[in-house]
Structure formats: structure tokens, C-alpha cells
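Okay, here's what each chain looks like letter by letter:
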Amino acid sequence: MRRIFACVFMLCFAPLALAEPANANHVAADAKWYIHLDLEAARQTTLFNEVLTAAKAQIPIDEVVNALKTNIGVNPLTDISGVTVYNNSFEKDVAAIIIYAKIDAARLNQALAQNPDYKETVYGKHMLLGWTDNNDGKAKNGCFYADGVIMMADKIDTLKLAVDVLDGTKPGGSSLVKTPAKGSFINAAAELSQSNDPNIAQLVSATDAATACASEVDGNLR
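Cut-off values and rules
Residues numbered from 1 in each chain as written. Predicted model: local features only at pLDDT ≥ 70, side-chain atom pairs only at ≥ 80, totals over all residues. Heavy atoms only, no water. Pairing = 2+ DSSP bridges. Helix = DSSP H or I, 4+ residues; strand = E, 2+ residues; numbered from the N terminus. Contact = heavy atoms within 4.5 Å. Axes fitted to C-alpha atoms, helices over the stretch in contact; angles between N-to-C directions. Expected span 1.5 Å × (residues − 1). Buried < 20%, exposed > 50% of the residue type's maximum accessible area, 1.4 Å probe, protein only. Lys, Arg positive; Asp, Glu negative; His and termini not counted. Salt bridge = Lys/Arg side-chain N within 4 Å of Asp/Glu carboxyl O. Polar contact = N/O pair within 3.5 Å; in protein donor to acceptor, adjacent residues only side chain to side chain. Core = buried A, V, L, I, M, F, W, Y, C linked by side-chain atoms within 4.5 Å.

A.B. asks: Would you take a moment to explain the sheet that holds strand 4 (residues 119-123) for this structure?
C.D. replies: Two pairing modes exist for strands in a sheet, parallel and antiparallel, and in both the strands are linked by backbone hydrogen bonds. Pairing within the open sheet is antiparallel, and its 10 strands lie in the order 4-5-6-7-3-2-1-8-9-10. The open sheet terminates on both sides in strands that have one partner only, identified here as strand 4 and strand 10 (220-221). For strand 9 (residues 210-217) and strand 10, the ladder comprises 2 bridges, and the chain directions are antiparallel. Each residue of the ladder has a partner; that of valine 217, found in strand 10, is asparagine 220. The sheet contacts of helix 5 (residues 105-112) involve strand 4, strand 5 (126-132) and strand 6 (139-146), and relative to strand 6 the element is tilted by about 165 degrees.

What follows is the structure, encoded as C-alpha cells:
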């Protein structure tokens, strides 16, 4: 199981390819930062295809993704359309992760249940899952929120926040999420003036968020 999830991570994030543009309504209104990976846009880039070709020369990618599809019901190269990561604080290693993907939820849940300390907790109309990750030994939490929408977080309270935002019981519509630039496949923004690091907070404006974007236009990476 450890190897399976390591492969999922590698295939999803090494090529930097993931979703449709970020949905501001899915990001908490008080979010301090967010990152969105648009895989559908990334798969159209020269960069992605060059990285994939190079990876296939080193790793039996087709065998790996077929095994993942069989074991956990997800092909990370074709089934994931996007990932949004955010939090309403700058606490280290804490974030809500929203994955937009076509998955076999029952099969993936069965795979998660093989991890230590697996449990299910009813939260409103949703089922929250908890387990200890075999890879890093840390507690993880997740939720199959709806068809095509999966949530994950290290902390249960962070997961609940993400669920509440999509449910509408806590405000979404983060002002950090803007219309993406043409050809962009990674977009990010952060209210660095509210950073826990006073040196960073003093260097930036109290009104303007710092932004970052990676895009490819006419074969040119920007």
C-alpha cells in the first residue's frame, strides 16, 4: 500500500498536471493562501508531454497506472482533472486538499481501510475517514464529498472546514482566486502580510496578495 500511494503522488505531482480553473466558491473566504493545479490544461503543454516521455524511459508508467487503476480505481494520468490546496492559516504542513477526479470510491475506500487506525465518522450528511498513513506514519483524514470530489487533510478540523465551505455553512468565495491567465496550469496566491514570519509580513503590502502563475503559451513556458 505504501508503494501504491507513493506512485500516485509521483504521477500526479511530478508532471505538475491537474484540473479546470480553481473554483473560488470552493475556497474558504478567509483563506490565507491557495495553490491550484490544472491538470487538464497541463496535459496540453509541451512540458507535460516531454516529462511524461522522459518518465516512460525510466519507469514502466503504463504498468504502474494500470496497477493503480486495478487496485485503487484511479489512473492519475487520466482520471484527475485538478487539485486545489489551501488553508485559513500559515500553520506549517496543514492544508485542505480538494481533488477533482473520476474515481471508484468504493475501491479506493477499500484500499484506505487497509491502513492502521482506519475509522469512519459521521459529519452531517457526510462520512469522514481517518487513518494512519503507512508511508509517513502520520494521521490522515479524507472524505468522498460527492461524485468527482474528494477531500483530504492532515487535521480533522481542516477537513471539516473544507466540507463546511462546500456545504455553504461557512463562507467561500475567496478573493485570492482570480481568473487564470491564458495557458496557465498552476496558480497560487497568499496574503503574506499575515504570515507568521514577521520578516516576511513587514516586506509586503498589507493590502495586496502575492501571486504566482506557471503557464505555457505557443510552446513557451512562463
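A.B. asks: Could you clarify how one ought to interpret helix 6 (residues 156-167) in this entry?
C.D. replies: In this model, helix 6 (12 residues) spans 16 Å end to end at C-alpha, consistent with the 16 Å of a helix rising 1.5 Å per residue. Turning to helix 6, its buried residues are Thr158, Leu159, Leu161, Ala162, Val163, Asp164, Val165 and Leu166. The inward-facing, buried residues of helix 6 contact strand 2 (80-87), strand 3 (96-101), strand 4, strand 5, strand 6 and strand 7 (149-153).

A.B. asks: Please explain the side chain of lysine 32 as it appears in this structure.
C.D. replies: Topologically, lysine 32 is positioned in the loop between helix 1 (2-13) and strand 1 (33-37). For the buried lysine 32, no salt bridge exists, and the shortest N-O distance to an oppositely charged side chain is 5.3 Å, to aspartate 30. For lysine 32, the side chain forms a polar contact with the main-chain oxygen of aspartate 30, separated by 3.3 Å. Within the structure, the side chain of lysine 32 is placed 3.4 Å from the backbone oxygen of asparagine 88, a separation counted as a polar contact.

A.B. asks: How should I be thinking about the pattern of salt bridges in this particular structure?
C.D. replies: Per the counting criterion, the structure on display carries 5 salt bridges. Glutamate 91 is paired through a salt bridge with lysine 155; the nearest N and O atoms lie 2.5 Å apart. Placement of glutamate 91 in the loop between strand 2 and strand 3 and of lysine 155 in the loop between strand 7 and helix 6 is noted, with a sequence separation of 64 residues between them. What makes glutamate 91 partly exposed here is its relative accessible area of 37%. Relative accessible area serves as the criterion here: at 39%, lysine 155 is assigned to the partly exposed category.

A.B. asks: What is the right way to look at the nonpolar core in this model?
C.D. replies: One finds Tyr86, Cys143, Tyr145, Met151, Leu159 and Val163 to be the most contacted residues of the largest nonpolar core, which totals 23 residues. Broken down by secondary-structure element, the contributors of at least two residues to this core are strand 3, strand 6, strand 7 and helix 6. Of all the elements, helix 6 adds the most residues to this core, at 6 residues. Not counting residues up to four positions away in its chain, the partners in contact with valine 163 are Tyr123, His126, Leu128, Cys143, Tyr145 and Met151.

A.B. asks: I keep staring at the pairing of strand 4 and nothing clicks. Help me out?
C.D. replies: Each regular strand carries side chains that alternate between the two faces of the sheet. Alignment of strand 4 against strand 5, held across 5 bridges, turns out to be antiparallel. Counted as the bridge partner of valine 122 is methionine 127 from strand 5. Where strand 4 folds back on strand 5, the antiparallel hairpin that results is connected by 2 residues, among which glycine 124 adopts a positive phi of roughly 60 degrees.

Coordinates in, geometry out; function isn't part of it.
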